[in-house]
Amino acid sequence: MVSPEQFALAPDLTICRILNGMWQVSGAHGPIDREKALASMAAHVDAGFTTWDLADHYGPAEDLVGQFRRRYAAERGEPTLAHLQFFTKWVPRAGPMPRAVVETAIAASRRRMATGTLDLLQFHWWDYADRRYFDALTRLADLRDTGAIRHLALTNFDTERLAGILDHGIRVVSNQIQFSLIDRRPEVRMAPFCRERGVHLLAYGTVCGGLLSGRYLNQPEPRGSALDTASLQKYKRMVDVWGGWTLFQELLSALDDVATRHAVGISTVAVRWVLDRPAVAGAILGRRLGLSDHRADNTRVFAFALDAEDDARIEAVLAKSRNLLGAIGDCGDEYR
Ligand SMILES: NC(=O)c1ccc[n+]([C@@H]2O[C@H](COP(=O)([O-])OP(=O)(O)OC[C@H]3O[C@@H](n4cnc5c(N)ncnc54)[C@H](OP(=O)(O)O)[C@@H]3O)[C@@H](O)[C@H]2O)c1
């Protein structure tokens, strides 16, 4: 039996539905102090946010996890680590994908993260025309079957290629993609397909780097150095394509009305909205560990529900936005 805060991604893998995202320790989101970051990681875990999302290329993220795991085991006992989940990604450069290449990459992540088994390995691939991603996934599935990886997953694959991978007989539990009030592309093809085939979605960009929060309500359009994290820059570009700052203010205003009705913040409504979408297992929120802390707001996500009146208020604004599927393409196409 899992609580509303949790989701069974697989029979042996239960996660917190709000995952801690670690792209924010990579250097492009402000300076991270290692000790403060480790203390903040412990505080998140103690508040119930037990699931972490990182990648081989997020700067020191995998090493930080390794250090955290060692310390946590020493202080609280090795068995307590079983209550935490650490999901990494492998984002290889194009090239041949023989067994040795795949094994070396996975061994490096296991070593850095101080674990014999990766809880979830999410695979990214840049170029669909290069069909060697099937070689890589076949080898990764072998590593899952021999225990180096507990579960295999994808990130930023579109619906067509996800279908091809499943039809190839390769089992994946989830696909990590951008999904927010601004980026609703997954609702068109990805989510219905995932529901049909039993694949779960892990959403990122849920609060658009912080743009979807009270901090930007009634504020002039941020530009240049005001967008001081890689995340804010990325999602400001999405907002521009989606409909621009004036419409975005209209959305923030509608969200503020909804948030006020429930005595929560705008970002809390934005996260709740994504968690309520079909096929969504969890929302990954970027953590600037030791620099900011949103645990209190995030806990409130699990303590209220959006109703039909809220949905209508939000939908009235979203209906005016541009069709991002037409403008950008399906999930992950922004990387290709
Ligand atoms: N697979 C991929 O290609 C991919 C791409 C992007 C991200 N991701 C994953 O998703 C994670 C999320 O990153 P993101 O770039 O999408 O950022 P995000 O989660 O949309 O934004 C995170 C930022 O939002 C601000 N914020 C405002 N209200 C908040 C609230 N209530 N709760 C939490 N944060 C709030 C915080 O800014 P302040 O710190 O300034 O307060 C925080 O740093 C990454 O760390 C990574 O794990 C994956």
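Details of the structure are given in the entry above.
Residues numbered from 1 in each chain as written. Predicted model: local features only at pLDDT ≥ 70, side-chain atom pairs only at ≥ 80, totals over all residues. Heavy atoms only, no water.

Time to look at the overall build of the protein chain. Assigned secondary structure in the protein chain consists of 12 helices and 10 strands. Scaling as 2.2 N^0.38, a compact globule of 336 residues should have a C-alpha radius of gyration of about 20 Å, and the protein chain matches this with 19 Å. Burial statistics for the protein chain: of 336 residues in total, 55% are counted as buried. Counted over contacts in the protein chain with a minimum sequence separation of 6, partners at least 24 positions apart contribute 79%. When the accessible surface of the protein chain is split by element, carbon and sulfur atoms take 50% of a total near 13900 Å². In the protein chain, 41 side chains carry a positive charge and 41 a negative one; their mean positions are 3 Å apart. (Helix = DSSP H or I, 4+ residues; strand = E, 2+ residues; numbered from the N terminus. Rg over C-alpha atoms; globule rule 2.2 N^0.38 Å. Buried < 20%, exposed > 50% of the residue type's maximum accessible area, 1.4 Å probe, protein only. Contact = heavy atoms within 4.5 Å. Areas by Shrake-Rupley, 256 points an atom, 1.4 Å probe, with all protein chains shown as cover. Lys, Arg positive; Asp, Glu negative; His and termini not counted. Charge placed at Lys NZ, Arg CZ, Asp CG, Glu CD.)

The next thing to look at is the environment of Glu160. Turning to its location among the elements, Glu160 is positioned in helix H5 (residues 159-167). Each C-alpha atom of the pair Glu160 and Ile32 lies 38 Å from the other, and the pair is 128 residues apart in sequence.

Here we take up the sheet that holds strand S10 (residues 280-286). In any sheet, the strands associate via hydrogen bonds between backbone groups, in a parallel or an antiparallel arrangement. The eight strands lie next to each other as S3-S4-S5-S6-S7-S8-S9-S10, forming a closed barrel whose pairing is parallel. Each neighbouring strand pair of the sheet contributes to a mean axis angle of 30°, computed without reference to strand direction. Examined bridge by bridge, strand S7 (residues 149-155) and strand S8 (residues 174-178) share two bridges and lie parallel to one another. Paired with Thr155 across the two strands is Gln176, which belongs to S8. Seen against the sheet, helix H4 (residues 133-146) touches strand S5 (85-90), strand S6 (118-123) and S7 and runs at an angle of roughly 155° to S7. (Pairing = 2+ DSSP bridges. Axes fitted to C-alpha atoms, helices over the stretch in contact; angles between N-to-C directions.)

Let us now look at the site of the ligand. Taken together, 31 residues form the shell around the ligand, and within it Gln24, Asp53, Ser231, Tyr235 and Ser292 come nearest. Between Gln176 and the ligand, the recorded distance is 3.1 Å, taken from a side-chain N or O atom to a nitrogen atom. In this structure, Ser292 approaches the ligand through a side-chain N or O atom, which is 2.6 Å from an oxygen atom. Relative to its unbound accessible area of 910 Å², the ligand is 95% covered by the protein chains. Secondary structure elements with two or more residues in the shell around the ligand: helix H7 (230-242), S10 and helix H10 (295-300). Looking at the shell around the ligand, the element that brings in the most residues is S10, giving three residues. (Near = heavy atom within 4 Å. Polar contact = N/O pair within 3.5 Å; in protein donor to acceptor, adjacent residues only side chain to side chain.)

Bringing unusual backbone geometry into the picture now. Phi at Ala263 is positive, roughly 55°, even though this residue is not glycine. Relative to the elements of secondary structure, Ala263 occurs in the loop between helix H8 (245-262) and helix H9 (266-275). Judged by its relative accessible area of 67%, Ala263 is exposed. At Ala279, a residue that is not glycine, the phi angle is positive and equals roughly 75°.

Okay, the nonpolar core next. Membership of the largest hydrophobic core comes to 107 residues, with the highest contact counts inside it found for Met22, Met41, Phe123, Leu140, Leu212 and Leu251. Ranked by the residues each element gives to this core, the list is headed by H8, at nine residues. (Core = buried A, V, L, I, M, F, W, Y, C linked by side-chain atoms within 4.5 Å.)

In this model helix H1 (residues 34-46) runs 18 Å from its N-terminal to its C-terminal C-alpha over 13 residues, within 8% of the 18 Å that 1.5 Å per residue would give. Within H1, the full set of buried residues consists of Ala37, Leu38, Ser40, Met41, Ala42, Ala43, His44 and Val45. If you follow the buried residues of H1, they end up packed against strand S3 (18-21), strand S4 (51-53), helix H2 (61-76), S5 and H10. Between the side-chain oxygen at the start of H1 and the backbone nitrogen of Glu35 there is a gap of 3.2 Å, and the oxygen is on Asp33. Immediately downstream of H1, the backbone of Gly48 shows phi near 100°, a positive value. (Expected span 1.5 Å × (residues − 1).)

The side chains of a regular strand alternate, residue by residue, between the two faces of the sheet. Extensive coverage of strand S9 (residues 200-204) is indicated by the burial of five of its five residues. Where S8 meets S9, five bridges bridge the pair, whose relative direction is parallel. Pairing of Asn175 across the sheet is with Leu201, part of S9. Sheet topology places S9 next to S10; three bridges connect them, and they run parallel.

Relative to strand S2 (residues 13-16), strand S1 (residues 6-10) runs antiparallel, the two being bridged by four bridges. In the strand pairing of S2, Ala10 is matched with Leu13. Here S1 hands over to S2 after two residues, the two strands then running antiparallel side by side.

By the definition in use, this model includes 29 salt bridges. Close ionic contact of Arg277 with Glu187 constitutes a salt bridge, the shortest N to O distance being 3.7 Å. With Arg277 in the loop between H9 and S10 and Glu187 in the loop between S8 and helix H6 (190-197), the pair connects residues that are 90 residues apart, well separated along the chain. Judged by its relative accessible area of 16%, Arg277 falls in the buried class. A salt bridge links Asp276 to Arg272, with the nearest nitrogen and oxygen atoms 2.9 Å apart. Note on Arg272: relative accessible area 11%, which makes it buried. The structure contains a network of salt bridges with shared partners spanning Arg184, Glu187, Arg277 and Glu315. (Salt bridge = Lys/Arg side-chain N within 4 Å of Asp/Glu carboxyl O.)

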